[in-house]
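Given next are the chains, with one letter for each unit.
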Amino acid sequence: MSEDANRRKPPARLVKATAPFAARLAGHRWFPVWAVLRHRGRRSGRDYAIPVAVLVTGDGFVICLPWGTQTNWVQNVLAAGGCGLRWKGRELRLTDPQFVDADAALAAANPFERLVIRRLDFPGFLRLRRA
């Protein structure tokens, strides 16, 4: 992972345009690609919920990090040692956050997801295990 990739900033317009759509789909049984990740701010102590794209593994999930590894929510999850996740209508507790490479994400992905991962060249991936 390059230093520049770790510092990607999300385009504000893109985030603003897609967030409501993703938030409506995330966490529902009928749309398993998206989940709602719940975390607590390490400085503010506030609770946050954000939509994330997930890949399912045998013991947890791999989350694609399109904006890099230094986003606040990633740092909050690392500092807390885990987070909550609403996926397919269920609330889960995830622990042991670790950065993984694209090979780990590709192993968890179906053929279409592998194509997307290779095409978009994500700067990072975060693996979490079910508690």
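Conventions we followed
Residues numbered from 1 in each chain as written. Predicted model: local features only at pLDDT ≥ 70, side-chain atom pairs only at ≥ 80, totals over all residues. Heavy atoms only, no water. Helix = DSSP H or I, 4+ residues; strand = E, 2+ residues; numbered from the N terminus. Buried < 20%, exposed > 50% of the residue type's maximum accessible area, 1.4 Å probe, protein only. Core = buried A, V, L, I, M, F, W, Y, C linked by side-chain atoms within 4.5 Å. Contact = heavy atoms within 4.5 Å.

- The name recorded for the chain in an unreviewed UniProt entry is Deazaflavin-dependent oxidoreductase (Nitroreductase family), from Oryzihumus leptocrescens.

1. So, unusual backbone geometry
Note: most peptide bonds trans; most residues except glycine with negative phi.
Then step 1. Phi angles above zero are rare outside glycine, and Lys88 is one such case at about 55°.
Then step 2. Counting through the fold element by element, Lys88 comes out in the loop between strand E4 (82-87) and strand E5 (90-100).
Then step 3. Residue classification places Lys88 among the partly exposed residues on the basis of a relative accessible area of 32%.
Then step 4. The phi dihedral of Asp96 is positive, around 55°, even though this residue is not glycine.
Then step 5. Residue placement: Asp96 occurs in strand E5.

2. As for the nonpolar core
Then step 1. In this structure, Leu37, Val52, Ile63, Trp73 and Leu85 are the most contacted members of the largest nonpolar core, which totals 17 residues.
Then step 2. Listing elements by their share of this core, those giving two or more residues are strand E1 (34-40), strand E2 (47-56), strand E3 (60-64), helix H3 (72-80), E4, E5 and strand E6 (125-130).
Then step 3. Ignoring any residue separated from it by four or fewer positions in sequence, one finds Leu37 in contact with Tyr48, Ala49, Ile50, Val52, Ile63, Trp73, Val77, Cys83, Gly84 and Leu85.
Then step 4. Counting residues in each nonpolar core, the second largest holds 11 residues, with Leu55, Val62, Leu106 and Ala108 among its members.

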